[in-house]
Amino acid sequence: MTQRIGLYPGTFDPVTLGHMDIIRRGAKLVDKLVIGVTTNPSKSPMFSLDERLAMVTRECASIEGTVIDVRAFDSLLIHFARSVGATIILRGLRAVADFEYEYQMAGMNQYLDAGIETVFLMADVALQPIASRLVKEIAGLDGDISKFVSPSVRADMLARIGRKRD
Ligand code: ADP
């Protein structure tokens, strides 16, 4: 039987509990889940590509039952999906905010490769408001981010921001 390969692309700057929830849900749907970490220099990330790759790999270490492969990419999403043999692109949907962008992107990707389906997943209701951008803002203003990221990601962020306390 052919393997069902899914691709979950994102910036993951940093990987949040919202991303992890989507990864766990997505992992149940496929035999292998490729997590594609974009270089995305336009977003001037807090963490370098290598740091983000290492963080996502570390956070996914406890996931069992599905092969998880964390990879960097800077090409067109559809080209990267093809190169890893993915037939499913997984995206998370947060309320209405993500809809317009995701709807357009999925539509354009249908034109580019009709053989690849975009599948939208909803995170647990409690995790839906979490966005990397806001987590960074809150951390920068000394707010408590422990409900949004894992303890290790929190420690990485505090170290990056230069907070000594924990
Ligand atoms: P991008 O830079 O492409 O927006 P992100 O890393 O921010 O990448 O997000 C990757 C994917 O994860 C997107 O589909 C985004 O909608 C989804 N996502 C991020 N946070 C959440 C969340 N809290 N709940 C559900 N989906 C989420």
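Keep in mind that what you see is a predicted model, and the values were worked out from it rather than measured.

Colleague: Got a minute to help me understand the packing of helix α2 (residues 49–60) against helix α6 (residues 151–161) in this structure?
Modeller: The axes of two packed helices give the description: the angle between them and the distance between them. Direction vectors running N to C along α2 and α6 enclose 155°, while the axes themselves pass 10 Å from each other. By the angle between their directions, the pair α2 and α6 is classed as roughly antiparallel. Listed contacts from α6 to Glu51, Met55, Arg58 and Glu59 of α2 are Ser152, Val153, Asp156 and Arg160. The class makeup of the residues in the contact of α2 with α6 is two nonpolar, one polar and five charged.

Colleague: What should I look at first to understand a nonpolar patch on the surface in this one?
Modeller: Together, Leu76, Tyr111 and Leu112 give the surface a local cluster of nonpolar side chains, amounting to about 370 Å² of exposed area. The topology assignment puts Leu76 in the loop between β3 (67–73) and α3 (77–83). Its relative accessible area of 42% is what places Leu76 among the partly exposed residues.

Colleague: For this particular structure, what's the right way to read the pairing of β3?
Modeller: On a regular strand, each side chain points to the face opposite its neighbour's, so the side chains alternate between the two faces of the sheet. Where strand β2 (residues 32–38) meets β3, seven bridges bridge the pair, whose relative direction is parallel. Paired with Lys32 across the strands is Val67, a residue of β3.

Conventions and cut-offs
Residues numbered from 1 in each chain as written. Predicted model: local features only at pLDDT ≥ 70, side-chain atom pairs only at ≥ 80, totals over all residues. Heavy atoms only, no water. Axes fitted to C-alpha atoms, helices over the stretch in contact; angles between N-to-C directions. Helix = DSSP H or I, 4+ residues; strand = E, 2+ residues; numbered from the N terminus. Parallel < 35°, antiparallel > 145°, perpendicular 65-115°, else oblique. Contact = heavy atoms within 4.5 Å. Nonpolar A, V, L, I, M, F, W, Y, C, P; charged D, E, K, R; others polar. Patch = residues over 30% accessible without salt bridge, like charges linked within 9 Å, V, L, I, M, F, W, Y side chains within 5 Å. Areas by Shrake-Rupley, 256 points an atom, 1.4 Å probe, with all protein chains shown as cover. Salt bridge = Lys/Arg side-chain N within 4 Å of Asp/Glu carboxyl O. Buried < 20%, exposed > 50% of the residue type's maximum accessible area, 1.4 Å probe, protein only. Pairing = 2+ DSSP bridges.

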